[in-house]
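Structure assessment
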Amino acid sequence: MQARPSLPSWQKLTRLAGEKKHQHMNDLFAADSERFNKFSLELPGLLLDYSKNLIDDETMSVLFALARETDVAAWREKMLRGDKINQTENRAVLHTALRRRSEQPLMVDGENITAQVQSQLVKMEAFVNQVRQGHWLGYSGKRITDIVNIGVGGSNLGPQMVTEALKHYSDNSVNMHYVSNVDGAQIVEILRPLDPQKVLFIVSSKTFTTTETLLNARTALNWLISASFDETAVAKHFVAVTANKENAVKFGISQENIFDIWDWVGGRFSLWSAIGLPVALDLGFDKFKALLDGADNMDRHFVQAPPEQNMPVIMALLSVWNTTFLGAKSQAILPYDQTLHMLSSYLQQAEMESNGKSVSWHGDELDYATVPSIWGQLGINGQHAFYQYLHQSNNVVPADFIGSVTSVTPVKGHHETLMANFFAQTQALMTGVNEEEICADLKAKGREAPYIDAVAPHKVHKGNRPTNTILLKRIDPATLGMLIAAYEHKIFVQGIILQICSFDQWGVELGKGLAAKIQQELQAGETRVSHDCSTENLIHYYQKVSGGGAV
Ligand SMILES: O=P(O)(O)OC[C@H]1O[C@](O)(CO)[C@@H](O)[C@@H]1O
């Protein structure tokens, strides 16, 4: 297989990047009044404006050539038909099957996974209805009022992000809580006000081996048993979502309370499976289905549209352009709707755990930049915190601005103020303001020479900072499903172009293994394996101060 840097499109892009670095988007806009029409894409419910990137017709056409030369379409086909494209774990990658409306069988290792998915959806729906309608009762015969999801990473971020995003659509049949941190402070505070008779725990863990989740689940179980004095209470208060039934049963969860996921669903893409159970419990099953349908709409678009009109493909190409060719080191995710306040954390895992890698499929060291670090938070809060850096630091941070046309919670004047900021920021990041304009402005305000000379350089905004704007018609289950699926496919395409195994996460293993050893040392009050002198002394200090060990 041809190394990426030797592809004709790659070489052209390297040359174009050298040229484009000296251009300003202001000039590109001035030269082409059709720029918005050319570089934006509207799907039902969703608009992407990518015209505020350092691109022109030629750049885009070479980027599309890159998508073709790297066989994105063929890889997409392989993923969707269940080829084992997660090569290092020898697994298929089929999160799309979780939301597929087609009833056509899809075979993986001789099993029809369409039927498996359907049967879990049926099981989920029945369970959700029982709980929400008050037919699922706790050990003392009371209805469930509170759901506590215990899980971390993909078994937490997806459902929690969606629960927050769709709060408006909840009828508050149940109250949702999420425990992910093994710091006891979280679970203690969450359980404190709850009544054990009315709480249902969901232990969400694909592997059912994640230490933090199992410890939190054990604490929850003890809390329940010490209140109920009844071990059989567990069957009424604990369900699990896992691909490791055996461990869940060993833990004490009844067989019939276990919802399946499968090894062909990556943790960070698992929101659409029973990992989304908290969302379904909170919103009702029909709204959970609407979320899946929205994602399926995006899947269909991803499959059918040519690269030039394909939203996830365009998003991926721009990210490769900004990072690998123009040298950006990070990318900001800046949602403006309050309800999307967890989106950047969610995408952080989705993108960085998928593509934060530096060897190719073949295990060769890659000599080009792969993905940027993803960070961000609510844009409107960011404006008063880190936007200074976005506007004037000497690091260019491409950013995705995400907002909605219609507020789901309209309050007079608020949405216009929010969106005025939304539009103003991408404009300011792009156009900037030069010294001449600043001096003229200061003069017009009656300022004089020494002051103007001293201050003007500090007020210069160079602009030329790339942004994508994603405008949703409104935040609802289907549109949110589309948005998340668009990012999932973007990540996939990026991985293909950069030749990265996007669906494993070996980088998390080393730390996990060491933590397990150190945990034993902390429990025993002594060090048993050799560490570097920094780690060793930190452990000793901890043991000394906590009174748990000798130094
Ligand atoms: O669902 P599990 O198996 O508990 O894993 C939780 C998370 O931990 C990771 O494996 C990383 O350690 C993620 O990929 C995953 O989403």
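Structure first, text after, so check above.
Let us look at the structure shown here.

Definitions and cut-offs
Residues numbered from 1 in each chain as written. Predicted model: local features only at pLDDT ≥ 70, side-chain atom pairs only at ≥ 80, totals over all residues. Heavy atoms only, no water. Helix = DSSP H or I, 4+ residues; strand = E, 2+ residues; numbered from the N terminus. Expected span 1.5 Å × (residues − 1). Buried < 20%, exposed > 50% of the residue type's maximum accessible area, 1.4 Å probe, protein only. Arc of directions from axis to C-beta. Polar contact = N/O pair within 3.5 Å; in protein donor to acceptor, adjacent residues only side chain to side chain. Pairing = 2+ DSSP bridges. Axes fitted to C-alpha atoms, helices over the stretch in contact; angles between N-to-C directions. Contact = heavy atoms within 4.5 Å.

Below, the discussion takes up helix α6 (residues 113–132). Taking 1.5 Å of rise per residue, the 20 residues of α6 would be expected to cover 28 Å, and the 28 Å separating its terminal C-alpha atoms lies within 8% of that figure. Within the sequence span of α6, burial applies to Ile113, Thr114, Gln116, Val117, Gln120, Leu121, Met124, Phe127, Val128, Val131 and Arg132. All buried residues of α6 project into a common sector of 155 degrees when viewed along the axis, lining one side. At the N-terminal boundary of α6, the capping side chain belongs to Asn112, with an oxygen 3.1 Å from the backbone nitrogen of Thr114. Residue Gly134 follows α6 closely and has a positive phi angle near 80 degrees.

Attention now moves to the environment of Pro193. Among the structural elements, Pro193 can be located in the loop between α8 (184–191) and β7 (199–204). Judged by relative accessible area, Pro193 falls into the exposed class, the value being 66%.

Quick look at the sheet that holds strand β5 (residues 146–150) now. Taken together, the 5 strands give an open sheet; going across it, the order is β6-β5-β7-β8-β9, and neighbouring strands pair in parallel fashion. Here the strands that pair on one side only, and so sit at the sheet edges, are β6 (175–179) and β9 (258–260). Shown here is a sheet whose adjacent strand axes are inclined to one another by a mean of 20 degrees, direction ignored. In this sheet, β9 lies alongside strand β8 (residues 238–242) in parallel orientation, the contact comprising 3 bridges. Bridge assignment links Val241 to a residue of β9, and that residue is Phe259. This element, α6, spans β5, β7, β8 and β9 of the sheet and lies at about 145 degrees to β9. Packed onto the sheet, helix α9 (residues 211–228) meets β5, β6, β7 and β8 and runs at close to 160 degrees relative to β7.

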